[in-house]
Amino acid sequence: MRFRGNTQFASAVGLVLGLLCAVEAAKVNKHKPWIETTYHGIVTENDDKVLLDPPLIALDKDAPLRYAGEICGFRIHGQNVPFEAVVLDKSTGEGVIRAKDKLDCELQKEHTFTIQAYDCGEGPDGANMKKSHKATVHIQVNDINEYSPVFKEKSYKATVIEGKKYDSILKVEAVDADCSFQFSQICNYEIVTPDVPFTVDKDGFIKNTEKLSYGKERMYKLTVTAYDCGKNRASEDVLVKISVKPTCKPSWQGFNKRIEYEPGTGSLALFPSMHLETCDEPITSIRATVELETNHIGKGCDRDTYSEKSLHKLCGASSGTVELLPAPSSSANWTVGLPTDNGHDSDQVFEFNGTQAIKVPDGMVSTSLKEPFTISVWMRHGPGAHEKETILCNSDKTEMNRHHYSLYVHNCRLILLLRQDPSEAENYKPAEFHWKLDQVCDKEWHHYVLNVEFPTVSLFVDGTTFEPFLVTEDYPLHTSKIETQLTIGACWQGGNARMAQFFRGNLAGLMIRSGKLENKKVIDCLYTCKEGLDVQLPEEVASAVKVEFNPNQSSLTVEGDDIDAFDKVMQHISYLNSRQFPTPGIRHLRISTTVKCFNEESCVTVPDAEGYVMVLQPEEPKISLSGIDHFARSAAEFESQEGVTLFPELRIVSTITREVEADTESEAAEGADDDPTVQETVVSEEIMHNLDTCEVTVVGDELDGEHESLEVDMSQLQQHGLEMSSSNLGLVVTGVNTMANYEQVLHLIRYKNWHTEALFDRKFKLVCSELNGRYISNDFKVEVNVIHTANPVEHANNAMVQPNFINPVHHASVDLSGHNLVNAHQASVVPSAATIVIVVCVSFLVFMIILGVFRIRAAHQRTMRDQENGKENEMDWDDSALTITVNPMETYEDQHSSEEEEEEEEESEDGEEEDDITSAESESSEDEEGGEPEDQQGASRQQQLEWDDSTLTY
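None of these values were measured; they are calculated from a predicted model. (Residues numbered from 1 in each chain as written. Predicted model: local features only at pLDDT ≥ 70, side-chain atom pairs only at ≥ 80, totals over all residues. Heavy atoms only, no water.)

## Here's the deal with the overall build of the protein chain
Summing up its helical and strand segments, the protein chain has 13 helices and 56 strands in all. Going through the 954 residues of the protein chain one by one, you find that 38% of them count as buried. For the protein chain, the share of sequence-separated contacts (at least 6 apart) that also reach a separation of at least 24 residues comes to 72%. Accessible area of the protein chain: about 54,300 Å², with a carbon and sulfur share of 49%. (Helix = DSSP H or I, 4+ residues; strand = E, 2+ residues; numbered from the N terminus. Buried < 20%, exposed > 50% of the residue type's maximum accessible area, 1.4 Å probe, protein only. Contact = heavy atoms within 4.5 Å. Areas by Shrake-Rupley, 256 points an atom, 1.4 Å probe, with all protein chains shown as cover.)

In structure tokens, the structure reads:
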């Protein structure tokens, strides 16, 4: 009873303390926040950050109390105020003002409104919050140079007379829509078009800087732009057309200097509107030469950029060609160190600067000098020193410096050295063949073909035959077992172990082939350009005009005496490029004209006319390889005679992507002002073209020739005119052929492996290309897995084998970027005084409740034990003959479980007080507490009623 009285007293004390804490908390928010009375701010248009003076800070005397001493927000008063105020730190009251949307200085330059701060009240619900007084905020919007000058007219036109200088031809004018004086003024005009004889001043007046000539330019198209004082350029430049009226001068008129050629469009008329102005001078005859300059393109003009070996085959030459200057690749890497022009848009050429040379691997050339053979090369060489410059040389590899055969340049002469084998009779034989040629030293590209059929050698230069002017004789070489070394760009001196007689110039397409190249058509095919001039003579003028072409059709001459017929012929001269993917760039045009008159003394002179053809960049094809990239086959298939097909469903597709501009001319009047941008549509088209190389390489370890190989049906290769070379890296299929034929051949590539016990997978990569690497496909990778037959004896217990389908699980890291943990920590570091008082009160109440519950449970358990003792006394009997054995482990486990249950009950009761659980949960907890003593009683009885009955007899 005494203890119960103490318990009631403690509960009363806790209740009183709780009421005192509540009264104290109700008095915490005593003061209103305080802010300045006036703020001035600056904000830049198109920005939301406002710079305030003074800074926006609200103070509250209730600080550091939580809620009451914190600033929860700012409130802006006014109609359609485009600003908002945000609290940065509740404890310090720091805030900022920012624009809700982008501001426009041109619409409103200043904004004025009032602002008020309010605290967080007396709790998290904001009850009894207090507001500060209203402060006035003035914000000025600063202008940025967002608008560009705009010309008042879409274009300007003027006409001047040639030979006269003007103070002012016309005036252009632009305006600017910015709100500030600085950015709305036009400070400068500028002519963007370079190299024009005109100038413009700051007020927009245009004048010519020199006397204009109608023969030089009939109309000048100037692009003029304007700048405001903030150096912002006009949104759109304006076009100014200034026409020049001529004083009559004989000249070619009516043609554009720039002529654009779209690849794949066939022939293009160069001068469709051209005519010759003779100023009414009587003319007796006219002779005009049109020259197309292509020397800077490739090797003198645009040609197919396939390998020289492929070109020989395309032109009809027989097989047996060995290419000595191939494009660098995994199977032909001896040209890697030579500088090239990359060989993408045009032919690949190699540069030799007098210090570089390469060695051709042994076994590449097996041509016997006793049989006819051909040497072919493209060469560009200028006047050099009076020393030998070697193009190709076969010499002793060691010990001696003997040259077995070589092709070199000396004093603008092309010389072929050809020493006979020692087995020949010891008498003089032709050994050196000399050709003195201007082409050797003119710094231009030329094609050389030497047909060697000892003792005669014939030379073709650009398809024209040349006979040697000098042939010298020499004895055959002495017998020797020294191996030879084939080099390019210099000659190997085996006795000195160094290179000598270095070449200076450019080489390309160097090759040796067995057999003569007698067919003139084949030689012309190798040399002929794929671009040139053409003319289709109208029937009515065919007899009145004479037209002649040079061999490569880069120049033509027109002669006649009828001016009208002459003009028609000139209008039908066209440019033609038959390549599917021509080399882009400029081809200069020049028209040289000579006229004859009845009166030679007063005969007119026609100046040369110049222009150029701009061959546009062709649409780049995208070569796509697709098919099955991952499959599995049994080990038996790899070891079979057929092997495993690597690319059974390979598909080769080439597409080009074009941007097609929409026709907006008809819509200009309707919606040009709404959407001035040009709409473009991307169109993808599938095209057909050839391929020249497909390479299959092994990914990972190289092929081991002892137990694995890549094979292909050679009969099918030969049937399609393709060739194959293989190595431990893979195989390469070469030859110019269609994509469909390449598909068929690649379908036949098989992989074999005779020892698959340790092989689980093999990876391969396929790459195809066109035009000697100019266009390359994607890397198509194939993985082949080997399926091994399982042996049931090896793993009797499946649990001992790690399953191969179990993958490690990677747990994604938790992204806490959106939670400001630092601010939360700072806010909880310094608690207020009211918070401390509340925490102490609540802790005391919880302690008293736990103490009372414990005492009640102890009294209840004592009562239950008394009842159990009474029942045991009633059940006493004579147990003198019994032997009772108690299991100590059961007693310990039961006691231990009973203690755990008591701890769980205490924790659940604590949780009821702290977490304020629902009534349903409270009832459930009480039911569990009421049932647990009964369980404990049953357990106690079970322990007391167990005995050892092993000695009993039934």
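## A closer look at the packing of aromatic side chains
How two aromatic rings sit relative to each other is set out by the distance from centre to centre and by the angle between their planes. Using the criterion set out here, one finds 13 aromatic pairs in the structure. Each member of the aromatic cluster is reached from another via a ring pair, and the members are Phe 638, Tyr 751 and Phe 764. Here the basic side chain of Arg 75 rests over the ring of Tyr 118, its NZ or CZ set 4.9 Å away from the ring centre. (Phe/Tyr/Trp six-rings, centres within 6.5 Å; stacked < 30°, edge-to-face > 60°. Lys NZ or Arg CZ within 6 Å of the ring centre and 35° of its normal.)

## Description of the pattern of salt bridges
In this structure the tally under the stated criterion is 20 salt bridges. The salt bridge partner of Arg 287 is Glu 559, with a shortest N-O separation of 2.3 Å. Of this pair, Arg 287 sits in strand 21 (residues 283–293) while Glu 559 sits in strand 40 (residues 555–560), and the two are 272 residues apart along the sequence. For Arg 633, the salt bridge goes to Glu 637, with nearest N and O atoms at 4.0 Å. For Glu 637, a relative accessible area of 34% gives the class partly exposed. (Salt bridge = Lys/Arg side-chain N within 4 Å of Asp/Glu carboxyl O.)

## Here we look at the sheet that holds strand 46 (residues 644–645)
Two orientations exist for strands paired in a sheet by backbone hydrogen bonds: parallel and antiparallel. Read from one edge of the open sheet, three strands run 46-53-50, paired in antiparallel fashion. In the strand order of this sheet, the two ends are held by strand 46 and strand 50 (708–711), each with one partner. Both strand 50 and strand 53 (residues 750–753) contribute to a ladder of four bridges, which runs antiparallel. The partner of Glu 711 across the bridge, within strand 53, is Arg 750. (Pairing = 2+ DSSP bridges.)

## Considering the pairing of strand 56 (residues 780–787)
Pairing of strand 45 (residues 630–634) with strand 56 involves five bridges; the strand directions are parallel. Pairing of Arg 633 across the sheet is with Val 786, part of strand 56. Strand direction decides the pairing type here: strand 54 (residues 761–770) and strand 56, joined by six bridges, are antiparallel. Looking across to strand 56, one finds that Leu 766 is bridged to Phe 780.

## Remarks on the state of the cysteines
Disulfides are covalent bonds that link the sulfur atoms of two cysteine residues. Counting across every chain of the model gives eight disulfides. Put simply, Cys 72 and Cys 120 are joined by a disulfide, and their sulfur atoms are 1.8 Å apart. Handedness of the Cys 72-Cys 120 disulfide follows from its S-S torsion of about 110°: it is right-handed. Placement of Cys 72 in strand 3 (residues 71–77) and of Cys 120 in the loop between strand 6 (110–119) and strand 7 (135–142) is noted, with a sequence separation of 48 residues between them. (Disulfide = S-S within 2.5 Å.)

## Describing empty space enclosed by the protein
Per the stated rule, a full pass over the model turns up two cavities of 30 Å³ or more. Forming the boundary of the largest cavity are 17 residues, of which Tyr 306, Glu 308, Gln 348, Gly 509 and Asn 772 lie nearest the centre. If you list the elements that add at least two residues to the lining of the largest cavity, you get helix 3 (308–314) and strand 37 (504–514). Among the residues forming the lining of the largest cavity, the class breakdown is seven nonpolar, five polar and five charged. (1 Å grid on protein atoms, 1.4 Å probe; cavity = no way out; pocket = protein on both sides within 12 Å on 5 of 7 lines; lining within 4 Å. Points joined across faces, edges and corners; volume = space filled by probe spheres on them. Nonpolar A, V, L, I, M, F, W, Y, C, P; charged D, E, K, R; others polar.)

## Considerations on unusual backbone geometry
Going from Asp 53 to Pro 54, the amide bond is cis rather than trans, its omega being -5°. Within the secondary structure layout, Pro 54 lies in the loop between strand 2 (50–53) and strand 3. In the Ramachandran plot, Lys 231 falls in the positive-phi region, its phi being about 65° despite a non-glycine side chain. With respect to the element layout, Lys 231 can be found in the loop between strand 15 (219–228) and strand 16 (238–245). For Lys 231, a relative accessible area of 75% translates into the label exposed. The backbone of Cys 412 sits at a positive phi, close to 60°, despite the residue not being glycine. When its relative accessible area of 28% is taken as the criterion, Cys 412 is described as partly exposed.

## Side note on the pairing of strand 30 (residues 445–453)
Of all the nine residues making up strand 30, eight are buried; the element is thus mostly covered by neighbouring parts of the structure. Here strand 25 (residues 373–380) runs beside strand 30; their pairing, made up of eight bridges, is antiparallel. What sits directly across from Met 379, in strand 30, is His 446. For strand 30 and strand 31 (residues 456–461), the ladder comprises six bridges, and the chain directions are antiparallel. For Asn 451, the partnering residue across the bridge sits in strand 31 and is Ser 458.

## A short note on helix 9 (residues 739–746)
Given 3.6 residues per turn, any residue in an α-helix points the same way as the ones three and four places further on. With six of its eight residues buried, helix 9 lies for the most part within the structure. Along helix 9, the positions that sit buried rather than exposed are Met 739, Asn 741, Tyr 742, Glu 743, Val 745 and Leu 746.

## Focus: the nonpolar core
One finds Phe 647, Ile 652, Leu 710, Ile 749 and Leu 766 to be the most contacted residues of the largest nonpolar core, which totals 47 residues. Excluding anything up to four places from it in sequence, Leu 710 contacts Leu 646, Val 696, Leu 703, Gly 730, Leu 731, Ile 749, Arg 750, Tyr 751 and Phe 764. Within the second largest apolar cluster, 39 residues are counted, among which are Trp 334, Phe 350, Leu 392 and Leu 414. (Core = buried A, V, L, I, M, F, W, Y, C linked by side-chain atoms within 4.5 Å.)

## As for the sheet that holds strand 42 (residues 585–597)
Across the sheet, six strands lie side by side as 18-43-42-21-40-39; this open sheet has mixed pairing. The sheet is open, and its two borders are formed by strand 18 (258–261) and strand 39 (545–549), each paired with just one other strand. If you compare each strand with its neighbour and ignore which way they point, the axes differ by 20° on average. Sheet topology places strand 21 next to strand 42; 10 bridges connect them, and they run antiparallel. Within strand 42, the residue paired with Glu 291 across the bridge is Arg 590. (Axes fitted to C-alpha atoms, helices over the stretch in contact; angles between N-to-C directions.)

## Observations concerning the environment of Leu 51
The residue Leu 51 is located in strand 2 in this model. Given the relative accessible area of 57%, Leu 51 is considered exposed. Considering only alpha carbons, one finds Leu 51 and His 40, 11 residues apart in sequence, at a separation of 8.3 Å. If we ignore the near neighbours within four places in the chain, the residues touching Leu 51 are His 40, Gly 41 and Ile 42.

## So, the environment of Ser 634
Relative to the assigned elements, Ser 634 resides in strand 45. Sequence spacing of Ser 634 and Asn 785 is 151 residues, and the spatial spacing of their C-alpha atoms is 8.3 Å.

## A short note on the side chain of His 111
Tracing the backbone through its elements, the reader meets His 111 in strand 6. For His 111, a relative accessible area of 9% corresponds to the buried category. Those residues in contact with His 111 that lie beyond four places of it in its chain are Pro 82, Phe 83, Val 137, His 138, Ile 139 and Val 141.

## Side note on helix 4 (residues 520–527)
Regarding helix 4, the residues found buried are Val 522, Ile 523, Leu 526 and Tyr 527. Mapping the buried residues of helix 4 onto a view down its axis gives an arc of 130°, with all of them on the same face. Where helix 4 is buried, its residues contact helix 3, strand 25, strand 30 and strand 31. (Arc of directions from axis to C-beta.)

## A few points about the confidence of the model for the protein chain
On average, residues of the protein chain score 78 in pLDDT, and 77% of them are at 70 or above. In the model of the protein chain, helix 10 (residues 821–829) stands out as the element of lowest mean pLDDT, 36, in contrast to strand 13 (residues 198–200), which has the highest, 94. Counting interchain partners and residues more than four positions distant, the pLDDT-below-50 stretch residues 1–5 has one contact. Low confidence marks residues 792–831, where pLDDT is under 50. Its contacts with residues over four positions away, or in another chain, come to two contacts. (pLDDT = per-residue confidence, 0-100.)

## Let's talk about the environment of Cys 248
As for its position among the elements, Cys 248 is in the loop between strand 16 and strand 17 (251–253). Sequence separation between Cys 248 and Thr 278 is 30 residues; the distance between their C-alpha atoms is 8.5 Å. Not counting the four nearest positions on each side in its chain, Cys 248 is found in contact with Glu 277 and Cys 279.

## Remarks on a nonpolar patch on the surface
Together, Trp 34, Ile 57 and Leu 59 line one region of the surface with nonpolar side chains, adding up to about 290 Å² of accessible area. With respect to the helices, strands and loops of the structure, Leu 59 is situated in the loop between strand 2 and strand 3. (Patch = residues over 30% accessible without salt bridge, like charges linked within 9 Å, V, L, I, M, F, W, Y side chains within 5 Å.)

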